[in-house]
Structure formats: C-alpha cells, structure tokens
Amino acid sequence: MGSVVISLDAELGWGFHDLVTPPAERVAAGRRGWSVMLELLEEFEVPATWAVVGHLMLDSCDGIHDDHPAPEGWFARERGEWADREDLRYGPDLVADVLAADADHEFASHTFSHVLFGRPETDRELAVAELERSREIADDWNRSIDTLVYPRNDVGHRDVLAEQGITAYRGRSPTRDGVRGLFDSTVRDRSMLVEPVVDEYGLVNVPASLFLFGFEGAARTVAESIWADPMVELARRGIDEAARTDGLFHMWLHPNNLTDERDDRRMRAILSYLDRQRAATDLRVETMADVADRVAPESGFSERATASWQ
Ligand SMILES: [Zn+2]
Ligand SMILES: [Zn+2]
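Because the structure is a prediction, the values reported are computed rather than measured.

Reading the values: rules and limits
- Residues numbered from 1 in each chain as written.
- Chains lettered and ligands numbered in written order.
- Predicted model: local features only at pLDDT ≥ 70, side-chain atom pairs only at ≥ 80, totals over all residues.
- Heavy atoms only, no water.
- Axes fitted to C-alpha atoms, helices over the stretch in contact; angles between N-to-C directions.
- Helix = DSSP H or I, 4+ residues; strand = E, 2+ residues; numbered from the N terminus.
- Parallel < 35°, antiparallel > 145°, perpendicular 65-115°, else oblique.
- Contact = heavy atoms within 4.5 Å.
- Nonpolar A, V, L, I, M, F, W, Y, C, P; charged D, E, K, R; others polar.
- Buried < 20%, exposed > 50% of the residue type's maximum accessible area, 1.4 Å probe, protein only.
- Arc of directions from axis to C-beta.
- Donors = N, O, S within 2.8 Å, 3.2 Å for Na, K, Ca; no water.

J.: How would you summarise the packing of helix α1 (residues 24-43) against helix α4 (residues 92-100) if you had to cite specific residues and measurements?
T.: Here α1 crosses α4 at 10 degrees, and the two axes come no closer than 11 Å. Compared by their axis directions, α1 and α4 come out roughly parallel. Only Asp93, Leu94, Val95, Asp97 and Val98 of α4 make contact with α1, whose side of the interface consists of Arg31, Trp34, Ser35 and Leu38. Split into classes, the residues belonging to the contact of α1 with α4 amount to five nonpolar, one polar and three charged.

J.: Lay out helix α12 (residues 288-295) with the relevant residues and their values.
T.: For α12, the full list of buried residues reads Met288, Ala289, Val291 and Ala292. Down the axis of α12, the buried side of the element spans an arc of 160 degrees, and every buried residue falls inside it.

J.: Please give an account of the coordination of the zinc ion (ligand 1) that cites residues and values.
T.: Around the zinc ion (ligand 1), the donor atoms from the protein are His55 (NE2), Cys61 (SG), His65 (NE2), Glu78 (OE) and Glu78 (OE), and they sit 1.9 to 2.7 Å away. Spacing between the donor residues of the zinc ion (ligand 1) along their common chain follows H-x5-C-x3-H-x12-E. Pair noted here: cysteine 61 is in the loop between β2 (49-52) and α2 (76-79) and glutamate 78 is in helix α2, with a separation of 17 residues, a long-range link.

Remember that the coordinates give geometry; whether it matters functionally is a separate question.
Printed below as a string of structure tokens:
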C-alpha cells in the first residue's frame, strides 16, 4: 500500500527575517496562502504535517529575546522594520485554525525563530534553545512535538533532536527539484518515491520527494503557456507511482508559495487528483508522524506515551 505525505513550512515573516531583501510577494502572501491551503486540505479531506515556527504561537514579545542565545542582530528585523508588522511576527489565530481543522493534521515544529541548524554559526546551545522554546510554547498549547522540519532543509544537530524527544525530520530530496529536474531526462525517468529510514540517532528521516514551487518565474510562465502546469504533471506522476507500488511520495511547500490564484489552482489540481486516486486505489495519505510510527513503531510509541504522562 503506497502513501503520500504533504508537509508545509508555516512561517509568515520568519522564513525571510534574516534576508537582506525579503521577497515582498511571498512575505505578503503568508496569511492568504495559509488560509487557502487550510481550506483546500479541508475540502479534499487531506491531512498534512504543518511545521510551525514557534514564535508565531506567541501573542506578543519584547522583540529583544535577551534570554535566547541567538547571534547578535538575529531579531533586528522584528524589532526594527517589522516592529509594527504583528501580522508577520505572530499567527496564533492561524495556528488555532490548523488545530481546529477537521482533517487530522499533524502539528510539527519549524524551530522557534527559523534558525538554520546546519550552519557552523549555529552552535549546540542555540539548537537546544530553539527546540526547548518551541516545546515550551507547544506545551502551553497542550501539544507535543514529534516532528521537525528544518528551516531551508538545513539538516544539523540531529543528536539534539533525539535528546529533545523528536522522532522524525524531513531530509533533503534525493532528486534535483525544479526546472532542471523537469527538463533533464535522466531525472525525468527516475522514481519520485523516497525511502524513510531510521538514522544513527534513532530518528526517522522522511525525505522530501518534490518541492511544489521549485519551478517559478519566467520559465514557469513559458512552460504553462505551452503545456498544462508542469508541476501538476510531476505531482501526478509521483502520486501514480505511490498508488502503483508500496512506496512513499512526499510533497512539500510553504503556505506563502501561494501568492496568487494560479498557485491556488496548482494546489487544487494536485489535491483533487490525490483525492481521486485515494478513492480509486489502496493509496493512503499520511503525516510524517504516521510514517515515523510505521517505520519505527517503538520510538513513536514511547515518545507519545511519555508525553501523555507529563
Ligand atoms: Zn519576538
Ligand atoms: Zn522555513
């Protein structure tokens, strides 16, 4: 029985706060994209893994974060240019919408403030603080964190994840995403399926298959005018492959990738195809936690059992 996983990196402004020039279109789309994705997933009854930046679950903050061991200036945009942009810094309303949805979404973490774990500047102390803070906030919301999605898929400090009781993370895609993948026949003919594995820390790596917005800009416009949306074609191929086999196809995106209606159409086309194939075959939709439970049932069980005693 094959399966499909969808994971979302839910971050509003935090996905871009460290960039010199944040992409204005995507910054502006954070809230709309979040709501559109949530509605589409409800419509097609598709559960997803929502990896949420912990800071979004706060109602307010001092902007200084003195007790957080981040590098100098890490919160500069939050207390400077975005000081009056609460819509980019907080989103408890949006997180509550995810938790209240009928689809059985997984609540997961995307760290506290979108720190890049694989960077040499990110020391152990910062990695621990990012996860501890996320867990404290999740605790206030009566939620535990079983899964981490690394900001920019920058894998690092996996030993810290294991210590912090995390069970699963999203590893990098084994194939090249985006425009090169589409036109490179060696990639085009390669499988879209991924193999979840237990790593040396006992964590389940649920690798990504396909970033659904890795093919954008002018190339997308040209390709769309010739064919149907080529990303929809790729996603359908992955879904078909999972339905035919007992493999896993793992798509991911940011809510802020849905910057306008053609992005919404892409997601609607993919989700409606997934819904149809699920009805017509043995294919199932899983969250990353479901995959981790299946691949390493004992670690998943002990985590959850521990969480419920606390
Ligand atoms: Zn803050
Ligand atoms: Zn991110």
